[in-house]
2 protein chains.
Amino acid sequence: MSTRIGIYGYGNLGRGIECAVKQNKDMELVAVFTRRDPSSVKIQTQGVPVVASSDVESWVGKIDVLVICGGSATDLPTMTPKLAAMFNVIDSFDTHARVPEHFANVDAAAKQNNKVAVISCGWDPGMFSLNRLYANCVLPCGSDYTFWGKGVSQGHSDAIRRIEGVQDARQYTIPVQEALDAVRSGKNPELTTRQKHTRECFVVLKEGADAKRVENEIVTMPNYFSDYDTTVHFISQEELDCDHKGIPHGGFVIRCGKTGWNEENTHVIEYSLKLDSNPEFTTSVIVAYARAIARLAKEGSYGCKTVFDIAPAYLSPLSGEEIRAHLL
Amino acid sequence: MSTRIGIYGYGNLGRGIECAVKQNKDMELVAVFTRRDPSSVKIQTQGVPVVASSDVESWVGKIDVLVICGGSATDLPTMTPKLAAMFNVIDSFDTHARVPEHFANVDAAAKQNNKVAVISCGWDPGMFSLNRLYANCVLPCGSDYTFWGKGVSQGHSDAIRRIEGVQDARQYTIPVQEALDAVRSGKNPELTTRQKHTRECFVVLKEGADAKRVENEIVTMPNYFSDYDTTVHFISQEELDCDHKGIPHGGFVIRCGKTGWNEENTHVIEYSLKLDSNPEFTTSVIVAYARAIARLAKEGSYGCKTVFDIAPAYLSPLSGEEIRAHLL
């Protein structure tokens, strides 16, 4: 029997879940929930209803895993605990500092109602977290490095759009090749923020806006740009729409460590992602963990979990015999 | 309380386990078992006894996890099931075709005696297997690639040493850069054995041996070299001892896959290792899994397992709260 998936929120992430479910033959999309007028939301899967999010409770018992596609800032902190009382759920909560609080809230709701919940799933947090953990356990004496990009930062793009005179913008975070090379060499360099990443901005000005002032406001913006070497390109809306419409991302998790009686040997573990679509990869990870959630729920292993708590075999549609035969 | 580790077999792997235990403050080496005369075996850790392997049974109850450092061809198929009846055990069994049989034998012995066993632990099988599994689950529509090297192949070095006129030899397996680049580009190339790796041999001849004949015997050797582009360098024993004394290795696990409603987006997941010492990295992985075994045994989760069956958090000395705070 297929795992019945519900999507709660139909933006970039919701659409990515829909695509990922289509690729997994043991998964079935049964409903999409939206805060908008359901009749205004067109989805791609034929025969699947779009339902008002206020009606979600009537779907209890008809959904194995509800994927919550909301934002970390305001949506998920209330949505996930509330929905974890009714459904097995998964989210991509990524506000690092608030993870302990979110975990505790979701765990309490899930345990009280015999549900399984996974929070902070995706690639960072998610696959990057896993690789940091494995590498730390294998090489206890060493240093961790995470680089992001080349990829679009939605938050930085939004920050530029808020500047007066800016019509549209796209910001790319780019890892510095020299820093990557130094890390890979096993030299355990200490790197400043500026040495690790540069920022490249493509900006469309409103008519009559002062390019010099806009550029200065960008490169001096605290938190977002002032600690980085930032380049700004002014382009037309047509160029932006044509050349920068994708949402690529990626990055690198590297750990260098020493082994040997006198720590005489150096090892470099590197995990990297090169992604054409940040939301589609994020949701591909989430759907694999949705499979695990359905299994854990059947076993009665209730409560809130992260990628750290789930044995890899639970993610696979294959049996233990099959994965040992083909992937070990 | 520390996890009490026993080492069964004191070669390259046994010495690696000894070094890795030293790096993990929650681990303690309590005994080294050898088939040689114990008085002839000097170990590095002060105050730890070297014991005849025939006396291992008298250590039941004094060891939490016994690490079996034997060869896959003849040692492990009998050693691991036998010892799994007495101890929680871990091995690095790597004869792929015989994994189902080995798993079944070890599982039966461990379950009958309420023990936990992990087989086929290390980096390949081991960390590479994990990365193949995760990547397959996240990107179900895609292709897998594994490259090995640059590194020393013990089996190929041994094969050269068996040729008449050869005094000593060291063989390096080298991934072909163009093949790696093609895979990373996301083009899903089909690659032959010859296109993926080359083999480089450093050979010391016995006095009077015919270099031309030896070279020909190497490059035409079936299974080992005939399917590869192989280069042979003749050097002196001094050069071999000085320039080729290390046991470096490494490699790459890459999966390219598509997502999107029409599979229009491409993603590349890459995991790579660059290792100064193959046995020391292998044993660093094993010691992390030994920690997991001790925990699983306390929980009463008996039987044979692989890296696929163990949740990542079990490998870490840190608590769930700590890993969520620092590594998520």
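Conventions adopted
Residues numbered from 1 in each chain as written. Chains lettered and ligands numbered in written order. Predicted model: local features only at pLDDT ≥ 70, side-chain atom pairs only at ≥ 80, totals over all residues. Heavy atoms only, no water. Buried < 20%, exposed > 50% of the residue type's maximum accessible area, 1.4 Å probe, protein only. Helix = DSSP H or I, 4+ residues; strand = E, 2+ residues; numbered from the N terminus. Pairing = 2+ DSSP bridges. Polar contact = N/O pair within 3.5 Å; in protein donor to acceptor, adjacent residues only side chain to side chain. Axes fitted to C-alpha atoms, helices over the stretch in contact; angles between N-to-C directions. Parallel < 35°, antiparallel > 145°, perpendicular 65-115°, else oblique. Left-handed = near helix turned anticlockwise from the far one by under 90°. Contact = heavy atoms within 4.5 Å. Nonpolar A, V, L, I, M, F, W, Y, C, P; charged D, E, K, R; others polar. Core = buried A, V, L, I, M, F, W, Y, C linked by side-chain atoms within 4.5 Å. Phe/Tyr/Trp six-rings, centres within 6.5 Å; stacked < 30°, edge-to-face > 60°. Salt bridge = Lys/Arg side-chain N within 4 Å of Asp/Glu carboxyl O.

Draft legend 1. A look at the pairing of strand S13 (residues 265-275) of chain A. All names here are of chain A. Extensive coverage of S13 is indicated by the burial of ten of its eleven residues. Pairing of strand S12 (residues 249-259) with S13 involves eleven bridges; the strand directions are antiparallel. Across the sheet, Cys256 pairs through a bridge with Val268, a residue of S13. Connecting the antiparallel pair S12 and S13 is a turn made up of five residues, with Gly260 showing a positive phi of about 105 degrees.

Draft legend 2. Spatial organisation of the environment of Ser58 of chain B. Residue and element names in this part refer to chain B. Secondary-structure assignment places Ser58 in the loop between strand S3 (50-52) and strand S4 (65-68). We classify Ser58 as partly exposed; its relative accessible area is 45%. There is a polar contact of 2.8 Å between the side chain of Ser58 and the backbone oxygen of Asp55.

Draft legend 3. Structural detail: the packing of helix H2 (residues 76-84) of chain B against helix H3 (residues 99-112) of chain B. All names here are of chain B. Put simply, H2 and H3 touch, their axes get as near as 7 Å, and they point 20 degrees apart. Taken together, H2 and H3 sit at an angle that is classed as roughly parallel. Helix-helix and strand crossings are classified by hand; for H2 and H3 the assignment is right-handed. Residues Leu76, Pro77, Thr80, Pro81 and Ala84 of H2 touch H3, and the partners they reach there are His102, Asn105, Val106, Ala109 and Ala110. Split into classes, the residues belonging to the contact of H2 with H3 amount to seven nonpolar, three polar and no charged.

Draft legend 4. A look at the nonpolar core. Formed by 161 residues in total, the largest nonpolar core has its most connected members in Tyr289 of chain A together with Tyr289 of chain B. Excluding its chain neighbours within four sequence positions, the residues that come into contact with Tyr289 of chain A are Ile90, Cys121, Leu130, Val307, Ile310 and Leu315 of chain A together with Tyr134 of chain B.

Draft legend 5. Summary view of the packing of aromatic side chains. Under the criterion given, the structure shown has eleven aromatic pairs over all chains. A centroid spacing of 6.3 Å and a plane angle of 65 degrees characterise the contact between Tyr134 of chain A and Tyr134 of chain B, whose relative ring orientation is edge-to-face. One end of the pair, Tyr134 of chain A, is in helix H4 (residues 127-138); the other, Tyr134 of chain B, is in helix H4 (residues 127-138), on a second chain. The pair formed by Tyr134 of chain A and Tyr134 of chain B is uniform in burial state, with each residue classed as buried.

Draft legend 6. Spotlight on the pattern of salt bridges. By the definition in use, this model includes 28 salt bridges over all chains. Residue Asp144 of chain A is joined to Arg255 of chain A by a salt bridge in which the shortest nitrogen-to-oxygen separation is 3.2 Å. On the criterion of sequence distance, the pair formed by Asp144 of chain A in strand S7 (residues 142-148) and Arg255 of chain A in strand S12 is long-range, its members being 111 residues apart. Classification of Asp144 of chain A as partly exposed rests on a relative accessible area of 35%. When its relative accessible area of 4% is taken as the criterion, Arg255 of chain A is described as buried. Linking Asp168 of chain B and Arg161 of chain B is a salt bridge whose minimum nitrogen-to-oxygen distance equals 3.0 Å.

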